[in-house]
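# Structural description and commentary
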Amino acid sequence: MKKLRIGLIGTGFMARAHSNAYKRIGDFFPELEYRPVLQAVCSRSPEKVKAFAKQWEYMAHETNWQAMVNREDIDAIDICAPNDTHAEIAIAAANAGKMVLCEKPLARTVAEAMPMVEAVENNGVKNTVWYNYRRVPAVTLAKQVIDSGKLGQIFHYRANFLQDWTINPNLPQGGEALWRLDVKAAGSGVTGDLLAHCIDTAMWLNGGIVDVSAVTETFIKERIHQETGKMEPVGIDDACIFHCHFENGSLGLFEATRYARGQKALKTFEINGEHASIRWDLHDQNRLGYFDHGDDSVVRGWRNIHVSDSDQPYIDHWWIPGVCIGYEHTFVHHAADFLKSLETGEPCSPTFQEAMETQKVCEAVLESAKTRSWQDTNVSWI
Ligand code: SOE
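Residues numbered from 1 in each chain as written. Predicted model: local features only at pLDDT ≥ 70, side-chain atom pairs only at ≥ 80, totals over all residues.

Turning next to unusual backbone geometry. Cis geometry marks the peptide bond from Lys 104 to Pro 105, where omega comes out at -15°. Mapped onto the elements, Pro 105 comes out in the loop between strand E5 (99-102) and helix H5 (110-122). For the bond from Ser 349 to Pro 350, the omega torsion is 0°, close enough to zero to count as cis. In this structure, Glu 57 takes a positive phi of about 65° despite not being glycine. Here Glu 57 lies in the loop between helix H2 (46-56) and strand E3 (60-62). Exposure remark for Glu 57: the 10 C-beta atoms within 10 Å place this residue in the exposed category. Phi is positive for Arg 372, close to 50°, though the residue is something other than glycine. Looking at the element boundaries, Arg 372 is found in the loop between helix H10 (352-371) and strand E17 (375-376). On the basis of neighbour count, Arg 372 is assigned to the exposed category, with 9 C-beta atoms found within 10 Å. (Helix = DSSP H or I, 4+ residues; strand = E, 2+ residues; numbered from the N terminus. Buried ≥ 20, exposed ≤ 12 C-beta atoms within 10 Å, placed from the backbone.)

What follows concerns the sheet that holds strand E16 (residues 303-306). The strand order across the open sheet built from nine strands is E16-E15-E14-E13-E7-E12-E11-E8-E17, with neighbouring strands paired in mixed fashion. Sheet topology places E16 and E17 at the edges, where each strand pairs with a single neighbour. Bridge count between strand E7 (residues 154-162) and strand E12 (residues 251-257): seven bridges; the pairing is parallel. Within the sheet, the bridge partner assigned to Leu 162 lies in E12 and is Thr 257. Each of strand E13 (266-273), strand E14 (276-281) and strand E15 (287-292) touches helix H6 (residues 137-147); the most contacted strand, E14, lies at about 165° to it. Contacting E7, strand E8 (209-217), strand E11 (239-246), E12 and E13, helix H8 (residues 190-206) crosses the sheet at an angle of about 150° to E7. (Pairing = 2+ DSSP bridges. Contact = placed C-beta atoms within 7 Å. Axes fitted to C-alpha atoms, helices over the stretch in contact; angles between N-to-C directions.)

What follows covers the domain arrangement of the protein chain. With domains assigned, the protein chain is organised as domain 1 (2-132) and domain 2 (134-324 + 349-376). Here the C-alpha centroids of domain 1 and domain 2 sit 25 Å apart. Residue-level contacts link 22 residues of domain 1 with 23 residues of domain 2. Sorting the residues of the side of domain 1 that touches domain 2 by element identifies helix H4 (83-95), H5 and strand E6 (127-129) as the ones contributing at least two each. With six residues, H5 is the single largest residue contributor to the side of domain 1 that touches domain 2. Among the residues forming the side of domain 1 that touches domain 2, the class breakdown is 14 nonpolar, five polar and three charged. (Domains from an automatic or database assignment. Nonpolar A, V, L, I, M, F, W, Y, C, P; charged D, E, K, R; others polar.)

Put into structure tokens, the structure is as follows:
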């Protein structure tokens, strides 16, 4: 059994999701040649990192990311720290010859993402970005259905990511847990945080986005900053809507917000083709909606496919057909695919290069909203 010694940076929500994935792989993907080893975890707070290491059974802990990146007993650096740290850590890790797994979005801007791509490519190190929703079995199945050509020509792609957790004006910005509200740390609001997921899924399923026209809104203009204690302007987009053209000629419509009262993490897509349509939502993630116009009229209608059978994507690694898996499994699937890519030598998609294409769309969306104009994305999607 070969080992992949992981150096995890961060101790928040995503650090837990990734750690859980590494711990589950050996039990559920026993055929893989590689096993992750929880070698070391790193965070600035000595108390937090010690407690995290103990809880998740990391063998060592660090409080300085440079020290972590330079450890000789680490093969792969996994970045789960806020967005403003991704570039510096990823570039240093790649230059130290480490593989790099990075939480989404890759960076705050395209300018920041470009040297990250160069660093992993020039150093020839494996890399991937955790756009985990591709690996929901129903979403992977959607990709298979679309690639089989069953939908025919695609006309429409519609996607949402709706939340409601920042409606309270007293919620501060910045600092731990709330860095997503601080533009300096996050780069943007819902565009980089939520629409980036939708864009990654969309381009994977439906090809490149050519140009965009967007509107954004910041509903709460000022919030106390946790680090300064002062009321400061809010620089992030609280909500964003954009429409676009895809390379294949279809039209796209996207919306993300943190102000949709009652919606907690409603990520959705619907694709309408010439012969068939497909739809999915995260609140009912094991089901895939499918409508085929070619069905006999007596049974024609939306099918509600419970994606839980052993010949459907990833399911044979889990329980018996019909019982469900959930959110955490998407990270296990991604980590398993990463380990598999070490065996095959293939890239583990989305790579830094692909994630940079998503970044280009995000940037074009923000620019379009700012300038009230259509923007080309300059995406090259393979
Ligand atoms: C934001 O609330 C968030 O945690 C995102 O940062 C994640 O990427 C998304 O999957 C769930 O929502």
